[in-house]
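# Observations on the model geometry
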Amino acid sequence: MFRISAFVFKKTIIMRKVTTLLFFLLIANLCFASDKVIISQWLSAGPFDLAKPVFYDVPNTQGDVFKESQFLTFEQVDIAELFPEESQNFIWSGNKKSVWSKQFSDENGYVKLVNDNNDWQISYAAAYVSTDRWLSANLEIKSPQMLSVYVNGVRLGSKNTIEKEEGKIGKFSKKIELERGKHLIIVKTIFRPEDNDSIKEWKFSASIEVTEPFSTGNLSLSLNPENIKNINHIMDGIKISRISLSPDAKYYIANYSRSLPPSDRSESWAEIKTLKDKKLIHSFRNASISEIKWLPKTNRLSYVSRRDSKATLYLHDLEKNTIEILFAEIENFKGYTWSPDESYLIYFVEEEAPAEDSAIRQVIGMRDRIPGHRNRTYLYKFDIQSKVKTRLTYGNLTSSLMDISPDASKLLISQTRYEYTERPFSFQDVFIMNLKDFSVDTLYVNKNWSISASFSPDGKKLIATGGPSAFDGIGLNLPQGKIPNDYDTQAYIVDISDKSVTPITKKFNPSISDAHWSSVDNRIYLSVSEEDYRRIYVYDLNKKTFSLLNTGYDITDRINYSSRSLKATFAGNNTNFPSQFNVIDLKTAKVSVLEDPESYNYRHVKLGKTYNWDFETQQETTIKGRVYLPPDFDEEEKYPVIVYYYAGTTPVIRSFGGRYPFNLWAGNGYIVYVMQPSGAIGFGQEFSAAHVNNWGATVVDEIIEGTKKFLDAHPFANAEKVGCAGASYGGFMTMLLITRTDIFAAAISHAGISSISSYWGEGYWGYAYSAIATANSFPWNNKDIYIGQSPLFFADRITTPLLLITGDSDTNVPPGESFQMYTALKILNKPVELVLIKGEDHHIVRYGKRIKWHNTIMAYWDMMLKNQPEYWKSLFPEKNY
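Residues numbered from 1 in each chain as written. Predicted model: local features only at pLDDT ≥ 70, side-chain atom pairs only at ≥ 80, totals over all residues. Heavy atoms only, no water.

Once that is clear, we can look at the overall build of the chain. A tally of regular secondary structure across the chain gives 15 helices and 53 strands. Taking 29 Å as the expected radius of gyration for a compact globule of 881 residues, we find that the chain reaches 31 Å, a close match to that expectation. Across its three principal axes, the chain shows a C-alpha extent of roughly 100 × 70 × 60 Å. Here the chain, with 881 residues, has 56% of them falling under the buried criterion. (Helix = DSSP H or I, 4+ residues; strand = E, 2+ residues; numbered from the N terminus. Rg over C-alpha atoms; globule rule 2.2 N^0.38 Å. Buried < 20%, exposed > 50% of the residue type's maximum accessible area, 1.4 Å probe, protein only.)

Here's what the structure looks like:
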C-alpha cells in the first residue's frame, strides 16, 4: 500500500467529442464506470531521445548488461520538483525542451503519445487528482510499453515488460491512500518502435478504483496545481531562520535550512549577499560552521567550526578576502561576544561536573534533575592583537555576560542561584566588572526577581527588561493587593550612578520581548507582543512617548539591527501570508523584501478568508478571537468547527505557520475559531494578572461562553460537530473544559496537565512555572486549585470523546499527565484514545514523527467531526490484544 500525503487531484472523466461545444461541456465533468474513474485529461511533455550508455553491452561486475528497463529506475529529472502547468516549459538535456500540453484519452480511455524516430524515447504525462476526504483507492496504469508511476514526486513502482502480442496489454496496479487535497500523478514511459513491430502505438490508460465507503464523487480532475495547504508545505522547502546586517548595512548574512525527507536529517548553511542588489558574495554551504557573526565596526565576520567538544574560531575579512584562525581547539566552548571596538572578544567555556557513580545519584534540589545542571559556565577574554587569553570569572555559579560597555572597558554580568524556600525560587545578582583592574561593582544582589539588560550608547544607563515585580515592583500597574503575572515583561531605564529606575512601560499595555537602544539615533526600539500581534514600537527618550513602527505585517519578529546605520532586518508574516525577510529603514519606515523562499513553497496554495471575531463576557471582559474559513467556503453549507486556545500566559499569535496550522485545518473543510482568553500577556497588566492563581477557574467559562456565542452568530457552523483543542497549558484547558460542558463532540489534548500537583512536582519546570502562575499557592494550602481545578478529579463527569497525544520523553509536562487521565477514563468506560510519539519531548520536531503526529490529529478530527473513521483506522488498525 502506498500512503500519499501531499497533493490531490480533481478527477474527471472526459469523453472526447468532436464538437467544440461538447468538449467544453465535458471538460469539467467526470465520466464514471461504476466505481472507477478513468483519468482522461493529461498534460504531456516530450518525447525526448534516450541514448544507451557507452559499453552498454559489456557485463557489469554482477554479469549483467544494460537493460532498457534501467531507463525507468534512473531519474533523468527531479520528479519531486515538477508541478506541470499548461504551456509551461519542460527543459531536457542539452537545452532541449518541450512544452506541457493538454491531451485527452480516446473512447477507450487511452492517451496516445507520439514517437518521431526509431530510437528509444521517453515521455512524461501528468494529471492532478483531488479528493474531498481521505480515501484509499487502487491506481491502475495499462500500457504495452514500459513505464514508471509517481505520486507527489515519490516513485510508486514500474512496469518493466513490453507486450508484443497484438491485443495484449500489461498493467501496473497499486493500492494508494490519498489525503484530502490535490495529488500529482506522473507517468514516465519509454518506447522504441522497431522493438514493437506489432505494437505501432505508444499509449497508456490510467484509472482509479474506489470501494465503499468511498465513491467516485469524492474525486475530481484538473490540469492545474492549485492546492490546499498541507503538512509538506510546512515541513519542506528552504526556510530562513535569521538575517543579520553588517555594521554599515552594505551586506547581510542569511541563515538557511531545509529538511531532507524522508529522513529526519536536515542541512543548514549561511550565505553573504549585498543588501543593494542581493548579489551572492560568499556561500558557507557544506562548510560545517556555526555562530557566524558580524564584527561591531567593520565588514568582517567570525564563525566557529567544531570537532567533538573542541572549537576553532575564524576571522573572515570579506573585503580583503582573508581568513585567519583566532584560536583553535578550545574545549567545551559555548559561545562568544565581540567588544564594541573589536579589540577583544569574550568567550564562554563550560566546565563539566565531576563524574559520579552512574548507578546511584543524590538529587540536590529540583533543578538538579535536569541534565547538565551541575555544569558551570565561565567567562574568558581573548585579546586580538596579543592573542593572549585571560580567565575572567570563577566560583560555584555560572557567570552570564549581558553586555559590554560602549567604550569596551566594562562587562555587565549576572549570576543566578536557586533557593527553594522563597518564591520564585531563583535569585539574581548583577555586577559591572572593570576589565582594567578587575574590580567589581555590585548593582543588585540576591534579588528574587530577574532582568536582562544592556548599556545605553553613552554607557551611563541600562535598558532592562523584567516582570512587573522587577526592581521591587516599581513597574506595577495593578490594583492594590493584586499579584502580577511576571511573564508580562516590562522595560526599565536604570541610571548606573545612583541606581534609580524609570519604568517606561508601566502604562504601556504591550509586553516587551526585546529592547534595543540605538547608538545611531538614541531611540529605544521595543519588540513587543500586543494582543495577538508582534510589533515594533519606538520610545522617544525626550518626549517619553511610544510610536508604532508600521512594518505592514501582523507578526514582526527575528529582528536584527545594524550597529552603525538606521537599518534593520526582520521576518514578517500574516495569518494568511507566509513569512518573508525584509529590511526596514528606521528613519523612513520603508520596507523592502530581502528573501522570500516561502512564496515559492506556497505558490500553488489557495487559502480561505480570515477575520476577527470578538465577544464580551458576562463579566464585561472583551475576549479577542479570529476565524479561519475553508478556501471554497459556502455560507449555505454547514461546517464542523474546531475551537483552539492556549489560555496560558501567552496569546496564540497571528502567525502563518506554527505547530497548529489553522489555515491548514480550515483547508480540510473546518471552520477554525481561535480565541484569546483572559490571563495572556500583551493586553495590559490587569488582563495578564488574571492568570495568577486561576488555573482555568474563569477561563473555562470564557471558552464555553465564547463557543456558544460563536455558534449562535455563525449559522454555517455545525453546532453538533464542534471540537476543541489545546497544547500544554491548552491541553490542560481541554481536559478541564470537558469536565464542565458537553457542547463539544470531540477534544484533543497535546501534552496536557491532568493533575496540577503532579505536574507541579514532576515536570522539570512545573514548580517554577507555578511560582508565577500559582503564586504562594501550594498543594497543602490551596486544594481549591490543586484538586478543585485538576481535571483528573472530575474525570467521571467527562462524556466528550478525548484524544490524548504526547511525546513519551516530555520533560516539561511528563507523559504521566496523559497516562493518569487515560487510566481514569478507561476505568470509567469513557471514549478516550492515547497516542505516544516515541522519543519526542514537549514539541514534536523530528520530520517523520512530526508528520505522523499531524496526521493523527487530522484523522481524529475526521473521525469525530465528519463521521469518517477510515483515516484513523488506516493509522491505527484494530488489534486483537
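A separate point is the environment of leucine 804. With respect to the helices and strands, leucine 804 occurs in strand 52 (residues 802–807). Relative accessible area serves as the criterion here: at 0%, leucine 804 is assigned to the buried category. For the pair leucine 804 and tyrosine 822, spaced 18 residues apart in the sequence, the C-alpha separation amounts to 7.5 Å. Once residues within four sequence positions are removed from consideration, leucine 804 is found in contact with Met735, Ser749, Ser818, Met821, Tyr822, Val832, Glu833, Leu834 and Val835. (Contact = heavy atoms within 4.5 Å.)

To continue, consider the nonpolar core. By size, the foremost hydrophobic cluster in this structure holds 126 residues, and its most contacted members are Trp42, Trp665, Trp695, Met733 and Trp861. Among the elements that line this core, the one with the most residues is helix 14 (residues 847–865), at eleven residues. Aside from chain neighbours lying at most four places away, what touches tryptophan 861 is Ile642, Trp665, Tyr670, Gly723, Cys724, Ala725, Ala746, Ile748 and Lys866. (Core = buried A, V, L, I, M, F, W, Y, C linked by side-chain atoms within 4.5 Å.)

Across the interface, helix 8 (residues 699–713) lies against helix 9 (residues 729–740) with an axial gap of 10 Å and an inter-helix angle of 70 degrees. The orientation of helix 8 with respect to helix 9, classified from their angle, is roughly perpendicular. Contact residues: Val699, Val700, Ile703 and Ile704 in helix 8; Met733, Leu736, Leu737 and Arg740 in helix 9. Among the residues forming the contact of helix 8 with helix 9, the class breakdown is seven nonpolar, no polar and one charged. (Axes fitted to C-alpha atoms, helices over the stretch in contact; angles between N-to-C directions. Parallel < 35°, antiparallel > 145°, perpendicular 65-115°, else oblique. Nonpolar A, V, L, I, M, F, W, Y, C, P; charged D, E, K, R; others polar.)

A full pass over the atoms with the stated rule returns 65 aromatic pairs. Plain terms: the ring middles of tyrosine 660 and tryptophan 665 are 6.5 Å apart, the flat faces sit at 75 degrees to each other, and that makes the pair edge-to-face. Exposure remark for tyrosine 660: the relative accessible area of 12% places this residue in the buried category. Both rings, one in phenylalanine 778 and one in tryptophan 780, keep their centres 4.9 Å apart while their planes meet at 5 degrees; by these two values the pair is stacked. With a relative accessible area of 57%, tryptophan 780 lands in the exposed category. The aromatic ring of phenylalanine 656 is capped on one face by lysine 229, whose charged end is 3.9 Å from the ring centroid. The ring of tryptophan 269 carries the charged tip of arginine 285 above its face, separated from the ring centre by 3.7 Å. (Phe/Tyr/Trp six-rings, centres within 6.5 Å; stacked < 30°, edge-to-face > 60°. Lys NZ or Arg CZ within 6 Å of the ring centre and 35° of its normal.)

The phi torsion of most residues other than glycine is negative, and most of the peptide bonds are trans. Omega for the peptide link from glutamate 212 to proline 213 comes to 10 degrees, which places this bond in the cis form. Note on placement: proline 213 falls in the loop between strand 15 (202–209) and strand 16 (219–222). Following arginine 423, the chain continues into proline 424 via a peptide bond in cis, with omega recorded as 5 degrees. Tracing the sequence through the fold places proline 424 in the loop between strand 30 (410–418) and strand 31 (426–434). Not every positive phi belongs to a glycine, and serine 288 is a case in point at roughly 55 degrees. One can find serine 288 in the loop between strand 20 (280–283) and strand 21 (290–294). Here serine 288 falls in the exposed class, since its relative accessible area comes to 64%. A positive phi angle, close to 60 degrees, is found at asparagine 829, a residue other than glycine. Considering the arrangement of structural elements, one finds asparagine 829 in the loop between helix 13 (816–827) and strand 53 (832–837). Overall, the relative accessible area of 69% leaves asparagine 829 in the exposed class.

As a further point, take a negative patch on the surface. Together, Asp634, Glu635, Glu636 and Glu637 line one region of the surface with negative charge. Mapping glutamate 635 onto the fold places it in the loop between strand 47 (622–628) and strand 48 (639–644). (Patch = residues over 30% accessible without salt bridge, like charges linked within 9 Å, V, L, I, M, F, W, Y side chains within 5 Å. Areas by Shrake-Rupley, 256 points an atom, 1.4 Å probe, with all protein chains shown as cover. Salt bridge = Lys/Arg side-chain N within 4 Å of Asp/Glu carboxyl O. Lys, Arg positive; Asp, Glu negative; His and termini not counted. Charge placed at Lys NZ, Arg CZ, Asp CG, Glu CD.)

Now for the environment of arginine 361. Relative to the helices and strands, arginine 361 resides in the loop between strand 26 (344–351) and strand 27 (376–383). Other than its neighbours up to four places away in sequence, arginine 361 contacts Glu356, Asp368 and Arg374. Polar contacts involving the side chain of arginine 361 include one to the main-chain carbonyl oxygen of aspartate 368, which spans 3.0 Å. (Polar contact = N/O pair within 3.5 Å; in protein donor to acceptor, adjacent residues only side chain to side chain.)

Consecutive side chains along a regular strand alternate between the two faces of the sheet. The buried count for strand 48 comes to six of six residues, which makes it a mostly enclosed element. Bridge analysis of strand 48 against strand 50 (residues 717–727) gives five bridges, and the strand direction is parallel. Across the sheet, residue tyrosine 639 finds its bridge partner in strand 50, namely alanine 717. Here four bridges tie strand 48 to strand 49 (residues 671–676), and the two strands are oriented parallel to one another. By the bridge assignment, valine 643 is partnered in strand 49 with tyrosine 673. After leaving strand 48, the chain enters helix 6 (residues 662–667) and then returns to the sheet as strand 49, a path that is right-handed. (Pairing = 2+ DSSP bridges. Right-handed = clockwise from strand over helix to strand, strands pointing away.)

On the basis of which strands lie adjacent, the open sheet formed by four strands has the order 17-18-19-20 and antiparallel pairing. In this open sheet, the two edge strands, each paired with only one partner strand, are strand 17 (239–245) and strand 20. Across the sheet, the axes of successive neighbouring strands diverge by a mean angle of 20 degrees, strand direction being ignored. Relative to strand 18 (residues 251–259), strand 17 runs antiparallel, the two sharing six bridges. Directly across from serine 244, in strand 18, lies its bridge partner isoleucine 253.

What follows is about the sheet that holds strand 32 (residues 440–447). One open sheet holds the four strands; their spatial order is 29-30-31-32, and the pairing between them is antiparallel. Across the chains shown, the open sheet's two edge strands, defined by having one partner strand only, are strand 29 (400–404) and strand 32. Averaged over neighbouring strand pairs, the angle between their axes works out to 15 degrees when direction is ignored. Looking at chain direction, strand 29 and strand 30 are connected through four bridges and run antiparallel. Bridge pairing links serine 400 to serine 414 in strand 30.

This part is about helix 11 (residues 766–773). Of all eight residues in helix 11, seven are buried, a share of seventy percent or more. Where helix 11 is concerned, the buried positions are Gly766, Tyr767, Tyr769, Ser770, Ala771, Ile772 and Ala773. Taken together, the buried residues of helix 11 touch helix 9, helix 10 (756–762) and helix 12 (783–786).

This brings us to helix 8. An ideal rise of 1.5 Å per residue puts 21 Å on 15 residues; helix 8 measures up with 21 Å between its terminal C-alpha atoms. When helix 8 is considered as a whole, its buried residues turn out to be Val699, Val700, Glu702, Ile703, Ile704, Glu705, Gly706, Thr707, Phe710 and Leu711. Packing partners of the buried residues in helix 8 comprise strand 46 (615–616), strand 47, strand 48, strand 49, strand 50 and helix 9. (Expected span 1.5 Å × (residues − 1).)

So, about the confidence of the model for the chain. Looking at the chain as a whole, its pLDDT mean stands at 92, while 95% of the residues score no less than 70. Per-residue pLDDT stays below 50 along residues 4–34; that stretch engages in 112 contacts with residues further than four places along the chain or on separate chains. (pLDDT = per-residue confidence, 0-100.)

Under the defined criterion, the tally for this structure stands at 40 salt bridges. Aspartate 106 serves as the salt-bridge partner of lysine 112, at 3.9 Å between the closest nitrogen and oxygen. The exposure class assigned to aspartate 106 is buried, which follows from its relative accessible area of 16%. We note a salt bridge from glutamate 271 to lysine 273, for which the minimum N-O separation is 3.8 Å. If you follow the salt bridges from partner to partner, you end up with Asp106, Lys112, Glu201 and Lys203 in one network.

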